[in-house]
Amino acid sequence: MLLFRECGEIIFKKNYWLLITYIVFSIAISVLGFAAHVGAQGRETIDAAQPTSLGLLRHYHALEDSSCEQPVDAVRHSPHWISVTGEPPNVGPAGACRWIRFNLDNSGPQPAQVTVDLGTPLQDFVDWHVLDRADGRLMTSIQSGDRRNFNFRYQQSWTLSLPLAIAAGQRLAVYARLASLDGFQEPLALTVQASDTFFLQKSKEKLLMGMYFGCLLAFCIYSIFLFISTKDNIHIIYAAFLALLSSTTFFYYGASAEFLFYSNPEFNNSLLPFLFSLCMFFFFIFARSYLKMPDLPSNSFITIYNIITVAILLASPLAFLIGYAASYTINTILVQTNILILLILLIPLCLNKNMNAIFLLIAFFPLGTTLSLKLLSLDNFITSQHLFEHNFHMAESTIFSVIALSFSIAYSMKIMRQAMQEASSREMTSTIALQDNELKLMHLSRVTLAGELSGAIAHELSQPLTSILGNAQAAEFMIRNRHFNEPAQLAIIRDIIDQTKRAATVLTKIRKLLYPGKKCTERIRVNDVLASVRQFMRHDLALKNIRLTEYCDHEMHVSGDLVQIQQVLINLLANAIDAVKDLPDERKCIYLSVRHYLGKYALFTVSDTGVGLPPDHHDRIFDAFYSTKEGGMGLGMNICKKIIAAHYGEIWARSAYPFGSTIEFTIPIDE
C-alpha cells in the first residue's frame with residue numbers, strides 16, 4: 001500500500017503537468033487516427049488504370065475462418081462476408097484466420113503492373129489467391145508469410161507483397177488468407193500501388209534504412225572510442241545499447257529474413273524478442289548509470305526498477321524456451337512497467353533541475369511513447385490507421401532519442417571535463433604550495449643542521465678572526481713605538497686582507513646553506529662539492545678524532561643544485577659521525593666516494609664503521625618522522641630522499657661489510 005501511495009503522490013500531486021502532457025499527446029494521436037478513419041473514401045473496386053484509385057486499401061470485405069482450413073472455393077461463395085470501410089485489416093488471437101477480399105480491375109487500354117503490399121514483414125502466414133471475375137478461373141495461388149522461408153516467397157521485398165500483371169480490361173478478385181499463431185493483433189497497412197512506384201518506394205526505404213543503421217552504428221563506434229579514451233563504463237553500456245538497438249531493428253523490419261536466416265524463419269522470429277530484451281536491459285542499465293541511481297536516496301521505485309531490469313535480462317532466453325509469443329508477452333509487461341517507473345523517477349529529478357534527468361527525459365519521452373503505443377497495439381488497444389501507416393514513427397523517434405542521448409552524454413562529458421580541469425587547477429595549486437612547504441622544510445632542516453654544526457662554524461671563523469686580531473695588535477704596537485718597518489707592515493696588512501677574505505668566504509658559504517631560496521640547477525664540479533662539505537665538517541671530525549677517507553674522480557661534473565647536494569652530504573656525514581663517535585679510535589672511520597654509475601650517473605657513497613642498521617630499517621629510515629637517534633626529528637633522511645628525487649636520482653641504504661652502514665645516492669652526470 002505504501003508503494004501505491006507514493007506512486008499516487010508523485011504522479012497526481014507533484015507532477016500533474018507531465019501526466020497532462022502525456023494525455024494531450026495521446027489525444028493528439030487519437031485525433032490523427034480518427035481523422036484518417038473519417039477521411040477514408042470507400043471504393044468497391046480498385047482500378048489500376050486510375051492513379052487516384054491506388055494507394056491505401058480503404059474498402060474491402062472480410063471473413064472470419066475459425067478453422068483455418070477452408071479452401072478459396074468454399075469461402076468465395078460464403079454468405080458471411082462483411083463490408084469494412086476505413087478500419088485496417090488485422091488478425092486476431094492464435095488459431096484464427098481472416099480472409100480479405102477486394103476487386104482489382106484495369107479499365108485502360110494497356111496492361112498494368114501493380115503490387116499489393118501488406119506493409120509489414122511480421123504477418124505469420126499469408127496465402128494469396130487471384131481469380132478472374134469474368135469466368136471465376138483461379139489465376140494465381142501464392143503462399144507467403146513471416147513463418148515461411150524467404151527463398152520461397154513470390155516477392156523479394158522485406159514486407160509481404162504480391163506483384164500482379166493485369167491485362168487491359170481484365171477484372172480480378174484478390175483473396176488473402178491471413179493467419180497469426182502468436183496471439184497478437186497484427187494491424188496492416190494494406191496498399192495497392194503501381195509496381196514501378198512500389199519498387200521505387202522500397203528502394204528509397206532501403207536507402208533510408210541504410211542511413212538509419214549507419215547513424216546508429218556511427219554513434220556506437222563513437223561511444224566505443226569514448227570508452228577507450230575515458231575508461232568510463234557508461235560509454236560501453238551505451239555502445240552495447242546502440243548495437244542491440246540496430247540488431248533489433250534489423251530483425252524487426254525483416255532485413256534478417258533476406259540476408260541472414262532466410263531458410264530458418266523460426267529462429268529468426270525467436271531472435272527478435274531475445275534481442276529486444278537485451279536492448280531494453282542495456283537501456284535501463286544506461287539510464288541507471290546516467291542518473292547515478294546508486295547515489296540517490298534509496299526508495300521503493302529504485303528497488304523495483306533494479307529488480308525488473310534484472311528480470312528483463314533473465315527473461316531474454318525465454319524466446320528459445322517457451323516460444324516467441326509467450327516470451328514477447330512477458331517482455332512487454334516488464335518493459336512497460338519499467339518505462340513507467342523510470343518516468344516516475346525522472347520527474348522529481350527534473351523538478352530539482354537535475355540536468356542529466358532533463359536530458360534523459362527529453363531524449364527518452366518520444367521513444368518511450370512510441371514504443372509503448374507499439375506494444376499496446378499488439379493487444380489491439382491502439383488502432384490508429386495513421387500510426388499503422390507510419391509504423392508508429394519508430395525510426396524517427398529512435399533517431400531523435402539516440403541523437404539527444406548522445407548530446408546528453410557529450411554535455412555530461414563537458415561538465416566532467418570542467419570538473420577535472422578545476423580539480424587539476426586545485427591540484428596544481430596544492431602542488432605549488434606543497435613544493436613551497438618542502439623548500440621551507442629543507443630550509444628549516446639546514447638551519448637545524450647549522451645549529452648542530454655551530455662548533456665547526458665557530459672554529460672556521462675563529463681562525464681568521466684570531467689572525468686578524470693578532471696582526472692588528474702587532475701593527476698598533478709598531479705604530480705606538482714608532483717602529484716603522486715598511487715590508488713588515490705591508491705583510492701584516494696583506495695577511496689581514498687574506499684573513500678577512502677567508503672569513504667572508506666562510507660567511508658566504510654559511511649564508512648559502514641557510515638561505516631559503518629555490519632549486520637552482522647548474523653544472524657542478526664534484527671536487528668543489530666535496531671540498532666545501534669537508535670544510536664544514538673538518539672541525540667536528542678533528543674534535544672527535546674521526547678519520548674521513550675520500551675517493552673521487554676530480555674531473556667529474558654533475559647537474560644539480562649545489563646547496564641542496566651539500567645539504568644531503570652534510571646530513572649523511574653528520575649521521576655517520578653520530579654512528580662512530582663513541583667507538584674506539586681505531587674504528588672511527590668514515591668513507592666518502594664518488595664514481596661513475598650506469599654510464600650517466602654519479603654514485604655518491606657514504607659508509608661508516610658503526611653498529612649499522614637492521615635490514616628491516618633500510619627503507620624506513622627515509623620515512624618522515626622516523627629516527628634512530630635519541631631526540632631526532634626524523635626529517636633529515638626524508639628531506640635527503642626528496643632532494644635526490646627532485647634531481648632525478650635515487651637514494652638507498654644497505655649494510656656495510658663487515659659492520660656499519662652505507663648510504664648511496666645518484667645524481668645525473670653533466671658531460
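All of these numbers come straight from a predicted model, not from anything done at the bench. Residue numbers here run from 1 along each chain, matching the order of that chain's written sequence. Reporting of local features is limited, given that this is a predicted model, to residues whose pLDDT is at least 70; pairs of side-chain atoms are given and counted only at 80 or more, and all residues count toward the totals for whole chains, interfaces and linings. To obtain the side-chain values, all non-hydrogen atoms of the structure were used and water was disregarded.

Observations regarding the sheet that holds strand S2 (residues 55-56)
Okay, step 1: Between any two strands, at least two bridges found by DSSP are needed for them to pair. To qualify as a helix, a DSSP run of H or I must reach at least 4 residues; to qualify as a strand, a run of E must reach at least 2; elements of each kind are numbered from the N terminus. Reading across the sheet, the four strands line up as S2-S11-S6-S9 and stay open at both edges, with antiparallel pairing between neighbours. The two strands at the open ends of the sheet, each matched to only one other strand, are S2 and strand S9 (161-166).
Okay, step 2: Contact between two residues is taken to exist if any of their heavy atoms lie within 4.5 Å; hydrogens are not considered. Axis lines are fitted to C-alpha atoms, over the contacting stretch for helices. Their N-to-C directions set the angle, which ranges from 0 to 180 degrees. Helix H4 (residues 195-230) contacts strand S6 (112-117), S9 and strand S11 (191-194) of the sheet and is inclined by roughly 105 degrees relative to S11.

Observations regarding unusual backbone geometry
Okay, step 1: One non-glycine residue with positive phi stands out, namely Leu598, at about 55 degrees.
Okay, step 2: Among the structural elements, Leu598 can be located in the loop between strand S15 (589-597) and strand S16 (601-608).
Okay, step 3: Burial here depends on accessible area, computed with a 1.4 Å probe over protein chains only, as a share of the maximum for the residue type. Under 20% is buried, over 50% is exposed, and the range in between is partly exposed. On the accessibility criterion, Leu598 (65% relative accessible area) is exposed.
Okay, step 4: For Tyr648, which is not glycine, the phi dihedral falls at a positive 60 degrees.
Okay, step 5: On the secondary structure map, Tyr648 appears in the loop between helix H18 (636-646) and strand S17 (651-655).
Okay, step 6: Given the relative accessible area of 67%, Tyr648 is considered exposed.

Section: the packing of aromatic side chains
Okay, step 1: Here the aromatic set is Phe, Tyr and Trp, taking the six-membered ring for Trp, and pairing holds for ring centres within 6.5 Å; pairs whose planes are under 30 degrees apart are stacked, those over 60 apart are edge-to-face, and all others are tilted. Counted under the stated rule, the structure contains twelve aromatic pairs.
Okay, step 2: With a centroid separation of 5.8 Å and 70 degrees between ring planes, the pair formed by Trp81 and Tyr175 is classed as edge-to-face. You can see Trp81 sitting in the loop between helix H3 (72-75) and strand S4 (82-85) and its partner Tyr175 sitting in strand S10 (residues 171-179), a full 94 residues away along the chain. No difference in accessibility class separates Trp81 from Tyr175, as the two residues are buried.
Okay, step 3: With a centroid separation of 5.0 Å and 35 degrees between ring planes, the pair formed by Tyr238 and Phe286 is classed as tilted. On the criterion of sequence distance, the pair formed by Tyr238 in helix H5 (residues 233-252) and Phe286 in helix H7 (residues 265-290) is long-range, its members being 48 residues apart.
Okay, step 4: Three or more aromatic residues joined by ring pairs form one cluster here, namely Tyr238, Phe241, Phe283, Phe284, Phe286, Tyr290 and Tyr305.
Okay, step 5: Sitting over the face of the ring of Phe659, Arg587 holds its NZ or CZ atom 4.2 Å from the ring centroid. In this scheme, the term charge over a ring applies when either NZ of a lysine or CZ of an arginine sits within 6 Å of the ring centre and within 35 degrees of the ring normal.

Thoughts on the pattern of salt bridges
Okay, step 1: Note on definitions: salt bridges are taken to be side-chain nitrogens of Lys or Arg within 4 Å of carboxyl oxygens of Asp or Glu. One pass over the structure, following the stated rule, counts twelve salt bridges.
Okay, step 2: When the shortest N-O distance is used, the salt bridge between Arg137 and Asp135 registers 3.5 Å.
Okay, step 3: Looking at Arg137, the relative accessible area reads 45%, which means it is partly exposed.
Okay, step 4: Between Arg523 and Asp670 there is a salt bridge, and its shortest N-O distance comes to 3.4 Å. Of the two residues, Arg523 is situated in strand S12 (residues 522-525) and Asp670 in the segment after strand S18 (661-668); the sequence distance between them amounts to 147 residues.
Okay, step 5: A relative accessible area of 45% places Arg523 in the partly exposed class.
Okay, step 6: Asp670 sits in the partly exposed class, given a relative accessible area of 24%.

Describing the UniProt feature "transmembrane region" (unreviewed entry) in the chain
Okay, step 1: Residues annotated by UniProt as "transmembrane region" (unreviewed entry) correspond here to residues 16-36, 207-228, 235-254, 274-291, 303-327, 333-351, 358-378 and 398-416.
Okay, step 2: Between the end C-alpha atoms of residues 207-228 there is a gap of 31 Å, over a span that is 100% helix and 0% strand.
Okay, step 3: With 94% helix and 0% strand, residues 274-291 has end C-alpha atoms that lie 26 Å from one another. UniProt positions are given in the numbering used here, feature names are shortened, and annotations may be inferred rather than shown by experiment.

What about the confidence of the model for the chain?
Okay, step 1: pLDDT is a per-residue confidence score from the predictor, ranging from 0 to 100. Summing up the model confidence of the chain, the mean pLDDT is 77 and the portion of residues at 70 or higher is 75%.
Okay, step 2: Per-element confidence in the chain is highest for S16, whose mean pLDDT is 94, and lowest for helix H1 (residues 2-14), whose mean pLDDT is 41.
Okay, step 3: Low confidence marks residues 1-19, where pLDDT is under 50. Its contacts with residues over four positions away, or in another chain, come to 25 contacts.

Considering the nonpolar core
Okay, step 1: If you look at the biggest cluster of nonpolar residues, it comprises 63 residues, and the most contacted ones within it are Phe286 and Leu342.
Okay, step 2: Residue assignment for this core shows that the elements contributing at least two residues are H4, H5, H7, helix H8 (300-315), helix H10 (324-351), helix H11 (355-377) and helix H13 (394-452).
Okay, step 3: Setting aside residues no more than four positions away along its own chain, Leu342 makes contact with Phe283, Phe284, Ala287, Leu291, Met293, Tyr305 and Phe364.
Okay, step 4: The criterion is simple. A nonpolar core is a set of buried Ala, Val, Leu, Ile, Met, Phe, Trp, Tyr and Cys residues joined through side-chain atoms within 4.5 Å. Membership of the second largest hydrophobic core comes to 42 residues, among which are Leu530, Val568, Val606 and Phe622.

Re the environment of Leu321
Okay, step 1: With respect to the element layout, Leu321 can be found in helix H9 (residues 318-321).
Okay, step 2: With relative accessibility at 67%, the residue Leu321 sits in the exposed group.
Okay, step 3: C-alpha of Leu321 to C-alpha of Ser270: the two residues are 51 residues apart in sequence and 9.5 Å apart in space.

Observations regarding H4
Okay, step 1: Here H4 is 36 residues long and its end C-alpha atoms lie 52 Å apart, about the 52 Å a rise of 1.5 Å per residue gives.
Okay, step 2: Residues Ser195, Phe198, Lys202, Met209, Tyr212, Phe213, Leu216, Cys220, Ser223 and Leu226 constitute the buried set of H4.
Okay, step 3: Once H4 ends, the next one or two residues include Lys231, with phi positive near 60 degrees. A helix's residues, less one, multiplied by 1.5 Å, set its expected span.

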